[in-house]
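# Remarks on the overall topology
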Number of protein chains: 2
Amino acid sequence: MEIFFSKDIDGNVVRLGAEESAHCVRVLRHRAGDDIYVIDGEGTLMRCRLIGDSPKGAEAEIEERTPDWGGHPYELTLAVCPTKNNDRYAWFAEKAAEVGVDEIVPVIGDHSERKVFKTERLERILLSAAKQSLKGKVPEVREPLGVKEFIKSCKDSDALKLIAHCMEGERISVKEALERFDGSSYIILIGPEGDFSLEEVALAVDCGFLPVHLGESRLRTETAAVTAAEAVYFKYL
Amino acid sequence: MEIFFSKDIDGNVVRLGAEESAHCVRVLRHRAGDDIYVIDGEGTLMRCRLIGDSPKGAEAEIEERTPDWGGHPYELTLAVCPTKNNDRYAWFAEKAAEVGVDEIVPVIGDHSERKVFKTERLERILLSAAKQSLKGKVPEVREPLGVKEFIKSCKDSDALKLIAHCMEGERISVKEALERFDGSSYIILIGPEGDFSLEEVALAVDCGFLPVHLGESRLRTETAAVTAAEAVYFKYL
């Protein structure tokens, strides 16, 4: 099923951007009168009829809206330290989008090997994954920030806030932490290859984060992040 | 932690193959007298002392054995149809190895786009993942075979046999199927992008497979396979 994307909605008319229009008209050869499907990235699927087939700016009239298309009954933010290899982070983002995630936050930790991170590639991957998975909502990527900065920004949130680390100390399993929680908003923090620092964990605990482990297996950062997404997904299975 | 691999064990002496020896002696510059760690691929970690440092065939004396190193308390076979893009299957294999899997079987289905599959690259990836995850057992890859052939070969197995498909019809969630089962051996069958055929599902049911779904999300083949590995992993979390 081909899905287009646009946030350019004016009343009952949606306009596709340059890239989407070129794909729609030149590559897929749609013409005025054709039915096309467009997501708005916020959750809604619009069944539309093409009224203008310019390859630079196609226009369509919205005939039917399906809200919360392909949505999931929870809000999940995954704050994950960038991996040394960018492809691994991209893989994680795509898989998290398929399974279900609302926001991805690249966080730079004390032990992070990669301290610079470009979000543009991730945005393209997340849009593509949303279309491919038939979801109306495209997960957001936030601009990178420090782990400590991120932790403090969550202090007043009512979400279940979890920090996954591999050091000794009080931790429960992510599964147990999720099961005990009555709400449906989750923030899960996944550290770099070198793990979080003691200071980062202490700050997290002070700001209401619960230290958790992800089981016995020693997981790469991107695998841990997908495992966290799966853990929340399974709670609702 | 550097880990070497060898199945060439003679009494209390382990010999590294050409590639592992070159890495050990030339790259990492180990010399006779050094302690090195070697896995046998079957589950055992051996702490050894290097006695011969030839870069073509290093030898070491086993000083201590740790059986079932990094092992998991279940047996999991993932029979997964090859994806059109080989990299995606490689990602799945690596992630399944990190989380926990014993055997990967590439199965060619009625709707498979890819009917030819080379296992060599997968073997390298699985060995590398086992070392990186600190596991003594390297998951095995079987030679590709047809879905129907594979299904029939499982007929007499006592394992919990699950076939994940996306068609209408009686299916329970993979989570429920896993929870109901008392044993610890699992065989999970994951289909191609075009799903299994009705005949394949019918044959599977005849041979004791339970049709399951993997939740609401529409997952790519490799994502479905990792999700299945995670589902079993979470049962034991």
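Here the structure is a predicted model, which means the values were calculated and not measured. (Residues numbered from 1 in each chain as written. Chains lettered and ligands numbered in written order. Predicted model: local features only at pLDDT ≥ 70, side-chain atom pairs only at ≥ 80, totals over all residues. Heavy atoms only, no water.)

### Here's the deal with the packing of helix α7 (residues 221-235) of chain A against helix α2 (residues 86-99) of chain B
Running from N to C, α7(A) and α2(B) cross one another at 80°; their axes reach a closest spacing of 11 Å. What the angle tells us is that α7(A) and α2(B) run roughly perpendicular. On α2(B), the residues that touch A:Glu222, A:Thr223 and A:Thr227 of α7(A) are B:Trp91, B:Glu94, B:Lys95, B:Glu98 and B:Val99. Per-class residue counts for the contact of α7(A) with α2(B) are 2 nonpolar, 2 polar and 4 charged. (Axes fitted to C-alpha atoms, helices over the stretch in contact; angles between N-to-C directions. Helix = DSSP H or I, 4+ residues; strand = E, 2+ residues; numbered from the N terminus. Parallel < 35°, antiparallel > 145°, perpendicular 65-115°, else oblique. Contact = heavy atoms within 4.5 Å. Nonpolar A, V, L, I, M, F, W, Y, C, P; charged D, E, K, R; others polar.)

### Observations regarding the interface of chain B and chain A
Across the contact, 30 residues belong to chain B and 31 residues belong to chain A. Counting the surface chain B buries against chain A, the share from its top three residues, B:Arg218, B:Phe234 and B:Leu237, is 23%. Between chain B and chain A we count 28 residue pairs in polar contact (both at pLDDT 80 or more) in total. Put simply, the parts of the chain that give the side of chain B that touches chain A at least two residues each are α2, α5 (174-180) and α7 (221-235) of chain B. (Buried area = accessible area lost by both parts, 1.4 Å probe. Polar contact = N/O pair within 3.5 Å; in protein donor to acceptor, adjacent residues only side chain to side chain.)

### What to know about the side chain of B:Ser173
Considering the arrangement of structural elements, one finds B:Ser173 in strand β12 (residues 172-173). Side-chain polar atoms of B:Ser173 contact the backbone nitrogen of B:Glu176, separated by 3.0 Å. Setting aside chain neighbours within four positions, we find B:Ser173 in contact with A:Leu237, B:Val212 and B:His213.

### Observations regarding the layout of surface pockets
Roughly 1400 Å³ of internal volume is contained in the largest pocket. Lining the largest pocket are 48 residues; nearest its centre among them are A:Arg218, B:Ser128, B:Lys131, B:Gln132 and B:Leu134. Looking at the lining of the largest pocket, the elements with two or more residues in it are β14 (210-213) and α7 of chain A together with β1 (4-5), α1 (18-27), α3 (120-132) and β9 (140-141) of chain B. Tallying contributions element by element places α3(B) first for the lining of the largest pocket, with 8 residues. Split into classes, the residues belonging to the lining of the largest pocket amount to 19 nonpolar, 11 polar and 18 charged. (1 Å grid on protein atoms, 1.4 Å probe; cavity = no way out; pocket = protein on both sides within 12 Å on 5 of 7 lines; lining within 4 Å. Points joined across faces, edges and corners; volume = space filled by probe spheres on them.)

### Some remarks on the sheet that holds strand β4 (residues 35-39) of chain B
Residue and element names in this part refer to chain B. Pairing within the open sheet is mixed, and its 6 strands lie in the order β1-β4-β5-β6-β3-β2. Two strands close off the open sheet at either side, each with one partner strand: β1 and β2 (9-10). Pairing between strand β5 (residues 45-52) and strand β6 (residues 59-66): 7 bridges, direction antiparallel. Bridge pairing links Met46 to Arg65 in β6. (Pairing = 2+ DSSP bridges.)

### Here we look at the domain arrangement of chain A
Residue and element names in this part refer to chain A. Split into domains, chain A comes out as domain 1 (3-66) and domain 2 (75-235). Placing the centre of domain 1 and that of domain 2 at their C-alpha centroids yields a distance of 33 Å. Taken together, the contact between domain 1 and domain 2 spans 11 residues of the former and 9 residues of the latter. Together, the buried faces of domain 1 and domain 2 total about 670 Å²; carbon and sulfur atoms form 60% of this surface. Broken down residue by residue, the surface that domain 1 buries against domain 2 is led by Ile3, Ile39 and Gly41, which jointly contribute 55%. For the pair domain 1 and domain 2, the number of links is 2 salt bridges. Among the salt bridges present, the one from Glu20 reaches Lys131, with a minimum N-O distance of 2.7 Å. For the side of domain 1 that touches domain 2, the secondary structure elements donating two or more residues are β1 (4-5) and α1 (18-27). (Domains from an automatic or database assignment. Salt bridge = Lys/Arg side-chain N within 4 Å of Asp/Glu carboxyl O.)

### Remarks on the sheet that holds β1(A)
Strands pair in a sheet through their backbones, by hydrogen bonds, and they do so in one of two ways: parallel or antiparallel. Residues and elements named next belong to chain A. With respect to topology, 6 strands assemble into an open sheet ordered β1-β4-β5-β6-β3-β2, the strand pairing being mixed. One side of each edge strand has no neighbouring strand; the edge strands of this open sheet are β1 and β2 (9-10). Pairing geometry for β1 and strand β4 (residues 35-39), over 2 bridges, is parallel. Paired with Phe4 across the two strands is Val38, which belongs to β4.

### Observations regarding the packing of α7(A) against α7(B)
Where α7(A) contacts α7(B), the two axes come as close as 10 Å, and the packing angle between them is 75°. Considered as vectors, α7(A) and α7(B) are oriented roughly perpendicular to each other. For the pair formed by α7(A) and α7(B), the contact residues are A:Thr223, A:Val226, A:Thr227, A:Glu230, A:Ala231 and A:Phe234 on the first element and B:Thr223, B:Val226, B:Thr227, B:Glu230, B:Ala231 and B:Phe234 on the second. A per-class count over the contact of α7(A) with α7(B) returns 6 nonpolar, 4 polar and 2 charged.

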